[in-house]
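Each chain, letter by letter, is given below.
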Number of protein chains: 4
Amino acid sequence: MVKPIAIIAGAGPGTGSAVARRFARAYPVVLLARSQSLDALVQDIQGRGGSAIGIPTDVTSASSMTSTIDQIKANFGADVRVAAAIYNVASKFTRKPFLEQSSEDFVGSLAPSIRGAFHFAQATLPLMLGADQTQYPPTLIFTGATASLKGGSGLSGFAMSKFAIRALSQSLAREFGPQGVHVSHAIIDGIIDTEKTKEYSREVPDSKIDPQWIAESYWFLHTQPRTSFTHELDLRPYSETW
Amino acid sequence: MVKPIAIIAGAGPGTGSAVARRFARAYPVVLLARSQSLDALVQDIQGRGGSAIGIPTDVTSASSMTSTIDQIKANFGADVRVAAAIYNVASKFTRKPFLEQSSEDFVGSLAPSIRGAFHFAQATLPLMLGADQTQYPPTLIFTGATASLKGGSGLSGFAMSKFAIRALSQSLAREFGPQGVHVSHAIIDGIIDTEKTKEYSREVPDSKIDPQWIAESYWFLHTQPRTSFTHELDLRPYSETW
Amino acid sequence: MVKPIAIIAGAGPGTGSAVARRFARAYPVVLLARSQSLDALVQDIQGRGGSAIGIPTDVTSASSMTSTIDQIKANFGADVRVAAAIYNVASKFTRKPFLEQSSEDFVGSLAPSIRGAFHFAQATLPLMLGADQTQYPPTLIFTGATASLKGGSGLSGFAMSKFAIRALSQSLAREFGPQGVHVSHAIIDGIIDTEKTKEYSREVPDSKIDPQWIAESYWFLHTQPRTSFTHELDLRPYSETW
Amino acid sequence: MVKPIAIIAGAGPGTGSAVARRFARAYPVVLLARSQSLDALVQDIQGRGGSAIGIPTDVTSASSMTSTIDQIKANFGADVRVAAAIYNVASKFTRKPFLEQSSEDFVGSLAPSIRGAFHFAQATLPLMLGADQTQYPPTLIFTGATASLKGGSGLSGFAMSKFAIRALSQSLAREFGPQGVHVSHAIIDGIIDTEKTKEYSREVPDSKIDPQWIAESYWFLHTQPRTSFTHELDLRPYSETW
């Protein structure tokens with residue numbers, strides 16, 4: 001039996017890294033990121049006894065994604081199986097008056113994340129079908145946000161990409177669920193606790209979402225058997241109003 | 001006081017034509033369509049004493065939309081006001097297994113409707129602001145579908161575009177509502193009664209949505225004062241399960 | 001052909017009165033209220049040339065509702081038809097810490113509106129079936145609120161009754177829609193402009209929902225043919241955040 | 001430090017028992033049921049080395065619930081803390097034409113589950129506040145169903161109770177979340193695999209929800225820290241259409 005792998009697209013600091021570390025406790029992980037160096041994360045995982053490789057990938061490009069899959073097969077064998085694929089590529093967040101947005105601002109922030117989600121799903125799903133070869137049902141998870149459920153003033157492009165990814169997740173869940181693939185969508189509603197958000201909401205303790213618990217939640221989703229799939233859950237600090 | 005106009009993008013048979021005829025009872029209408037000839041509809045409206053012009057436009061192209069607005073200003077004056085703008089451009093509907101969709105199928109069906117909605121909103125909203133010059137609050141309506149609320153197997157691209165347009169509608173409603181513009185989204189859940197759908201559900205009387213009543217509903221939305229805006233409504237035949 | 005009537009439960013000042021006046025332009029109206037005197041409204045409607053009777057009714061009591069229907073039949077004939085029935089009985093709104101609520105506070109505010117909705121629907125639906133006898137499909141409308149969609153701190157009982165009434169509306173729409181009855185739910189999201197709310201939001205013009213436009217919206221719902229039923233719409237001032 | 005307990009209302013076969021067994025691995029559990037004998041379950045848990053007591057309780061009666069809390073305090077000390085409280089009392093499911101439902105059918109099936117949820121939450125929340133005394137944030141979970149989100153023909157009473165309990169869950173989450181209590185709602189969408197449902201969907205393997213995985217999911221919710229609360233998740237077999 002071939003050891004299955006996990007693939008994380010958008011393996012930046014915060015959620016991506018935490019998810020990578022969590023899944024590396026069970027699987028060799030493949031980390032994809034466009035611009036960020038993945039070396040530190042790879043070393044960190046290896047230092048903990050895990051196995052990781054980083055592949056610079058532009059998921060918004062079909063050819064880049066294809067060559068990434070080629071590299072994965074070169075590395076893990078042509079018959080590599082994917083136990084979990086996590087799409088965590090951030091949609092560009094810009095709050096800007098709608099009439100001041102250029103077509104590039106708008107479509108430029110929206111289209112890549114949508115295209116990326118499409119390419120990522122198309123590249124990984126074929127390696128997930130034939131579920132009986134892995135311990136847990138193969139799992140495809142999309143990271144969502146508050147704006148997955150609700151538009152916002154000045155947030156058209158961001159909300160559109162987030163709504164669209166939720167639509168993709170729901171559609172794939174309905175198509176691939178009956179084939180044993182678990183497709184799920186996580187609504188991350190609140191500020192994630194990262195280096196960058198250190199200064200936000202300092203005064204209220206524990207008011208930012210812990211990336212490790214996003215990771216734990218994704219891992220939990222992954223372990224659910226096909227009798228009992230969760231297709232959507234929210235994650236929100238206790239102090240968040242919503 | 002300048003007489004305001006109504007603009008209908010996607011003035012094809014069915015909903016688009018019906019909406020055009022309805023708004024033509026109150027305003028000169030500008031009909032936009034990419035490929036369809038608009039002549040018959042223009043003549044029909046003129047024959048009923050209305051005023052209509054058709055402008056072949058590719059709303060998915062910024063430059064095409066810009067030149068359309070130029071033509072509109074040439075026709076109605078540089079200070080033309082838009083009383084109502086209806087975005088009724090169909091998202092390409094294809095039910096196809098996800099893994100058989102090419103990147104062109106997918107992004108090719110999704111991106112245009114999203115881009116079109118963006119260009120259309122950006123071109124028309126500036127002509128709507130300054131609400132006090134029209135009898136009813138200027139109104140921007142997007143036509144949605146069942147798939148605006150719910151993904152479906154084999155329907156990823158379609159659902160993504162529909163979810164995204166709903167996100168746009170919600171975001172613009174929150175941004176432009178306080179400026180007096182009424183932005184609304186209509187969920188058309190069922191088969192629309194057109195020439196093309198003649199053969200469907202023949203046996204159950206009245207089981208298809210009447211385009212004229214879509215038009216009446218849009219007109220009703222348009223007449224609501226700013227004290228009482230409806231931002232979303234569904235339209236569904238009595239016999240529809242949902 | 002028997003002239004059909006409209007019945008409005010919760011015909012207090014604000015929405016109820018406005019709806020009564022609107023439907024009285026087309027139908028004799030029967031006004032139900034528990035405690036309020038209905039005389040002034042009845043006289044007002046008669047003064048405008050309409051026909052109205054008020055029947056003091058406790059809709060939360062089965063026997064009170066039964067005797068009301070008896071009175072209606074005595075008045076309009078045993079074969080009276082109902083063109084429109086509007087359930088506008090307010091759920092008791094109390095914002096109070098959950099642990100300070102007595103069982104009476106809680107169940108006492110929740111159960112009556114639920115029970116009332118049940119009795120009202122059960123009493124009126126039989127007089128609506130056989131839709132072909134009225135000009136428009138017979139229509140049963142429930143008035144909802146922000147809390148129909150979203151719970152709130154300190155608002156458990158209110159939100160529960162509002163969620164429950166929405167569930168009733170959806171269930172009846174699915175059961176009676178195919179029989180030609182139009183069941184609809186209106187989400188009134190904002191402060192309604194009444195005598196009592198005069199002092200709220202004074203500074204922002206038009207920031208309260210106009211009851212007359214709630215009435216117009218209900219009337220519009222009523223006129224929709226069975227090809228094109230709206231089952232839910234929201235009503236919200238342009239200045240409302242949501 | 002006092003050892004906290006878990007309380008499960010509706011500890012019948014299926015979900016209730018599975019949840020009881022799962023939480024008994026960490027806490028002494030108190031099982032509440034109105035009519036069912038709890039002896040077998042208590043013995044089963046004790047046989048696995050856990051600690052359990054059963055208290056016959058009618059949660060729909062305030063006095064019964066009060067005396068239950070008295071018994072709990074007599075047993076575990078007046079300063080007993082509740083780590084987790086699970087409200088799993090079934091709403092009476094009856095699919096019956098609306099007009100054939102008696103007031104007793106209707107309010108009789110609806111009111112008890114709502115009242116029960118109120119009494120249960122009121123009795124347990126005071127024993128949860130002061131969250132710092134337990135390892136995980138104290139957790140109050142309500143079991144929901146498909147009908148928590150969507151009404152159905154002939155299902156008015158059931159849907160109303162399920163919508164209402166969801167409203168309660170959301171309202172309590174917003175009120176008690178900031179005080180460190182995790183309130184969550186689980187939408188169980190599908191047939192649960194129990195003795196009673198043995199004959200359903202036999203031909204499709206794994207097509208019923210495994211109660212043990214409902215239990216695992218509730219346990220997972222319980223372990224989430226206050227930085228990262230999930231307030232709603234669904235559970236659904238891979239083969240379910242939705």
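Residues numbered from 1 in each chain as written. Chains lettered and ligands numbered in written order. Predicted model: local features only at pLDDT ≥ 70, side-chain atom pairs only at ≥ 80, totals over all residues. Heavy atoms only, no water.

- Going by the annotation in an unreviewed UniProt entry, the name recorded for chain A is Oxidoreductase, short chain dehydrogenase/reductase family, with Aspergillus fumigatus given as the source organism.

1. Structural notes on the packing of aromatic side chains
Phase 1: Here the structure, examined in full by the defined rule, presents 46 aromatic pairs over all chains.
Phase 2: Ring geometry for A:Phe106 against B:Phe118: centres 3.9 Å apart, planes inclined by 10°, an arrangement best described as stacked. Taken together, the positions of A:Phe106 in helix α4 (residues 103-124) and B:Phe118 in helix α4 (residues 103-124) put the pair across two chains. As far as the burial class goes, A:Phe106 and B:Phe118 line up, both buried.
Phase 3: Members of the aromatic cluster, each reached through a chain of ring pairs, are A:Phe23, A:Tyr27, A:Tyr136 and A:Trp219.
Phase 4: B:Arg174 extends its terminal NZ or CZ atom over the ring of C:Trp242, reaching a point 4.2 Å from the ring centre. (Phe/Tyr/Trp six-rings, centres within 6.5 Å; stacked < 30°, edge-to-face > 60°. Helix = DSSP H or I, 4+ residues; strand = E, 2+ residues; numbered from the N terminus. Buried < 20%, exposed > 50% of the residue type's maximum accessible area, 1.4 Å probe, protein only. Lys NZ or Arg CZ within 6 Å of the ring centre and 35° of its normal.)

2. Here we look at the relation of the copies chain D and chain C
Phase 1: Its rotation angle being 180°, the transformation that places chain D on chain C also includes 0.0 Å of axial translation and leaves an RMSD of 0.0 Å. A rotation of that kind, with that shift, is consistent with a two-fold axis. (Least-squares fit on C-alpha atoms with pLDDT ≥ 70 in both.)

3. Side note on the layout of surface pockets
Residue and element names in this part refer to chain A.
Phase 1: Estimates place the volume of the second largest pocket at around 1,700 Å³.
Phase 2: Going through the elements one at a time, β2 (29-33), α4, β5 (139-145) and α5 (156-176) are the ones with two or more residues in the lining of the second largest pocket.
Phase 3: Of all the elements, α4 adds the most residues to the lining of the second largest pocket, at four residues.
Phase 4: Here the lining of the second largest pocket is composed, by residue class, of 18 nonpolar, 21 polar and eleven charged. (1 Å grid on protein atoms, 1.4 Å probe; cavity = no way out; pocket = protein on both sides within 12 Å on 5 of 7 lines; lining within 4 Å. Points joined across faces, edges and corners; volume = space filled by probe spheres on them. Nonpolar A, V, L, I, M, F, W, Y, C, P; charged D, E, K, R; others polar.)

4. A short note on the relation of the copies chain A and chain B
Phase 1: Of the transformation superimposing chain A on chain B, the axial component is 0.0 Å and the angular component is 180°, with the fit at an RMSD of 0.0 Å.
Phase 2: When the interface residues of chain A are mapped onto chain B, 98% of them again lie at the interface, so the same face is used by both copies. (Contact = heavy atoms within 4.5 Å.)

5. Details of the environment of C:Ala83
Residues and elements named next belong to chain C.
Phase 1: Looking at where Ala83 falls in the secondary structure, it is placed in strand β4 (residues 82-87).
Phase 2: In this structure Ala83 comes out as buried when scored by relative accessible area, which is 0%.
Phase 3: In sequence terms Ala83 and Ile5 are 78 residues apart; their C-alpha atoms lie 5.6 Å from each other.
Phase 4: Contacts of Ala83, omitting those with residues within four sequence positions, involve Pro4, Ile5, Tyr27, Pro137, Pro138, Thr139 and His222.

6. Considerations on the interface of chain A and chain B
Phase 1: Listed by partner, the interface residues are 40 residues for chain A and 39 residues for chain B.
Phase 2: Note on chain A versus chain B: buried area summed over both sides is about 3,200 Å², and carbon and sulfur give 71% of it.
Phase 3: On the surface where chain A and chain B come into contact, there are zero salt bridges.
Phase 4: Counting every contact that joins chain A to chain B gives 16 residue pairs in polar contact (both at pLDDT 80 or more). (Buried area = accessible area lost by both parts, 1.4 Å probe. Salt bridge = Lys/Arg side-chain N within 4 Å of Asp/Glu carboxyl O. Polar contact = N/O pair within 3.5 Å; in protein donor to acceptor, adjacent residues only side chain to side chain.)

7. Things to note about the interface of chain D and chain C
Phase 1: Listed as interface residues are 40 residues of chain D and, on the opposing side, 40 residues of chain C.
Phase 2: Buried area between chain D and chain C, summed over both chains or domains, comes out near 3,100 Å², and the portion from carbon and sulfur atoms is 72%.
Phase 3: Run the count over chain D and chain C and you get zero salt bridges.
Phase 4: Applying the counting criterion to the chain D and chain C interface returns 16 residue pairs in polar contact (both at pLDDT 80 or more).

8. Some details on the side chain of A:Ser148
Phase 1: Mapped onto the fold, A:Ser148 is located in the loop between β5 and α5.
Phase 2: Every residue in contact with A:Ser148, bar those within four places of it in the chain, is listed here: A:Lys162, A:Phe163, A:Arg166 and A:His185.

9. Some details on unusual backbone geometry
Residue and element names in this part refer to chain C.
Phase 1: You will see that Ser201, though not glycine, has its phi angle at about 45°, which is positive.
Phase 2: Following the sequence through the fold, Ser201 ends up in the loop between β6 (182-188) and α6 (211-223).
Phase 3: Since its relative accessible area comes to 28%, Ser201 is described here as partly exposed.
Phase 4: Backbone geometry at Asp206 places phi at a positive 60°, although glycine is not the residue there.
Phase 5: Tracing the sequence through the fold places Asp206 in the loop between β6 and α6.

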